[in-house]
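Structural characterization, general
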Amino acid sequence: MTTEDLIAKAWEAREKAYAPYSKFQVGAALLSSDGQVFPGCNVENISYGLTNCAERVAIGAAVAQGVRSFDRVAVVADTGEPISPCGACRQVLAEFGVKTIILANKQGSVEFSLEELLPRASTGILDKA
Ligand code: THU
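The text that follows walks through the structure, step by step, so that each part is easy to find. All values derive from a computational prediction rather than experimental measurement. (Residues numbered from 1 in each chain as written. Predicted model: local features only at pLDDT ≥ 70, side-chain atom pairs only at ≥ 80, totals over all residues. Heavy atoms only, no water.)

**Overview of the site of the ligand**
- Taken together, 13 residues sit near the ligand, with Asn-42, Glu-44, Cys-53, Ala-54 and Glu-55 positioned nearest.
- Measuring from an oxygen atom of the ligand, one finds a backbone N or O atom of Ala-54 at 2.9 Å.
- Separating an oxygen atom of the ligand from a side-chain N or O atom of Glu-55 is a distance of 2.6 Å.
- Taken by itself the ligand offers 370 Å² of open surface, and the protein chains cover 79% of this. (Near = heavy atom within 4 Å. Polar contact = N/O pair within 3.5 Å; in protein donor to acceptor, adjacent residues only side chain to side chain. Areas by Shrake-Rupley, 256 points an atom, 1.4 Å probe, with all protein chains shown as cover.)

This is the structure:
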């Protein structure tokens, strides 16, 4: 799966976004280590705080299918600058070791490592002194 193909899958997923409150639609496509693609879109809620971002929806869908090992994720939105995942999503991507994060808008894409977006994500947690 090329990065372009993964981005195309994320745009497809974005079509499903449930975003009646923000009207801001986000799509994600998560590529597992064994080559499967898991789509995600944002799913909002009237309580706002219960909103799920596209990235976490994709992770949840994959984990529910028994998949926990990932290669990369593409996240897309129709923004001026490529969209950037929220802090919560970065932490969840870190939980499952998503190595590469591709962020795209209609003009193009940029690629980051997880370490760039969330340095020292779990360093020290559960370490014994
Ligand atoms: N959102 C995502 O789905 N992913 C991101 O990376 C940023 C924000 C959603 C959450 C909410 O439904 C809307 O975009 C506005 O924040």
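Continuing now.
**Structural notes on the nonpolar core**
- Leu-30, Phe-70, Val-73, Leu-93, Val-98 and Ile-101 are the most contacted members of the largest nonpolar core, which totals 22 residues.
- Among the elements of the structure, strand 1 (27–32), helix 2 (54–64), strand 3 (70–76), helix 3 (87–95), strand 4 (100–104) and helix 4 (114–117) are those that each provide at least two residues to this core.
- Among the elements that make up this core, the one with the highest residue count is helix 2 (4 residues).
- Setting aside residues up to four positions removed in sequence, Ile-101 forms contacts with Val-73, Pro-85, Leu-93, Val-110, Glu-111, Phe-112, Leu-114 and Leu-117.
- By size, the runner-up hydrophobic cluster in this structure holds 10 residues, among which are Ile-7, Ala-10, Trp-11 and Val-76. (Core = buried A, V, L, I, M, F, W, Y, C linked by side-chain atoms within 4.5 Å. Buried < 20%, exposed > 50% of the residue type's maximum accessible area, 1.4 Å probe, protein only. Helix = DSSP H or I, 4+ residues; strand = E, 2+ residues; numbered from the N terminus. Contact = heavy atoms within 4.5 Å.)

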